[in-house]
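Listed below are the residues making up each chain.
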Amino acid sequence: MKDLDQIKAQQEGQGFQFPGEFEITAMGNASADLKARVSQILEGIGLHVLHETVRHKHSREGNFLSVTVSFRCDTREQYDLAHSALRADSDIRFTL
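Since this is a predicted model, take the numbers as computed values, not measurements.

Enquirer: Can you tell me about the overall build of the chain, naming the residues and giving the values?
Expert: Scanning the chain from terminus to terminus reveals two helices and four strands. From first element to last, N terminus to C terminus, the chain shows the α and β order β-α-β-β-α-β. Considering the chain as a whole, with its 96 residues, one finds that 35% of them fall into the buried category. If you take every contact in the chain between residues at least 6 apart in sequence, the share linking residues at least 24 apart comes to 69%. On the chain, roughly 6500 Å² of surface is accessible, and the fraction owed to carbon and sulfur atoms is 47%.

Quick look at the structure:
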């Protein structure tokens, strides 16, 4: 498996471009207040959350909730930190 830092765009203008706006989805327990917590976690690591983009969806059974939000970041390290910080929360199962 390739390290993420080694992956390059095949053509100019493709792939992640920093600084930029990115979208992240966190999936976790529906009983947790993930609609607010996802934004709080991202802001807690210094990212600018675009609150108007927050959307959520319950799983079919209602046990899980996915929350998608856009944010601005300057570097790949900040983007990776966003995923790591969300995954560190005990109520969040995974991120996309």
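Enquirer: Could you give me a rundown of the nonpolar core, with the residues and numbers involved?
Expert: I24, L34, V38, L42, F71, L86 and I92 are the most contacted members of the largest nonpolar core, which totals 20 residues. Elements represented by at least two residues in this core include exactly β1 (20-29), α1 (34-44), β3 (64-73) and α2 (76-87). A per-element tally of this core places β3 first, with five residues. Those residues in contact with L42, other than ones at most four positions away along the chain, are I24, L47, V49, V69, F71, A82 and L86.

Enquirer: How would you sum up the packing of aromatic side chains? Please name residues and give values.
Expert: Summed over all chains, the structure comprises seven aromatic pairs. Ring centres of F16 and F18 lie 6.1 Å apart, and the angle between their planes is 40 degrees; this geometry places the pair in the tilted category. Owing to a relative accessible area of 41%, F16 belongs among the partly exposed residues under this scheme. For the pair F16 and Y79, a centre-to-centre distance of 4.9 Å together with 45 degrees between the ring planes defines the contact as tilted. Here F16 is found in the segment before β1, whereas its partner Y79 is found in helix α2, with 63 residues between them in sequence. Taken together, the aromatic side chains of F16, F18, F22, F71 and Y79 make up a single cluster linked through ring pairs.

Analysis parameters
- Residues numbered from 1 in each chain as written.
- Predicted model: local features only at pLDDT ≥ 70, side-chain atom pairs only at ≥ 80, totals over all residues.
- Heavy atoms only, no water.
- Helix = DSSP H or I, 4+ residues; strand = E, 2+ residues; numbered from the N terminus.
- Buried < 20%, exposed > 50% of the residue type's maximum accessible area, 1.4 Å probe, protein only.
- Contact = heavy atoms within 4.5 Å.
- Areas by Shrake-Rupley, 256 points an atom, 1.4 Å probe, with all protein chains shown as cover.
- Core = buried A, V, L, I, M, F, W, Y, C linked by side-chain atoms within 4.5 Å.
- Phe/Tyr/Trp six-rings, centres within 6.5 Å; stacked < 30°, edge-to-face > 60°.

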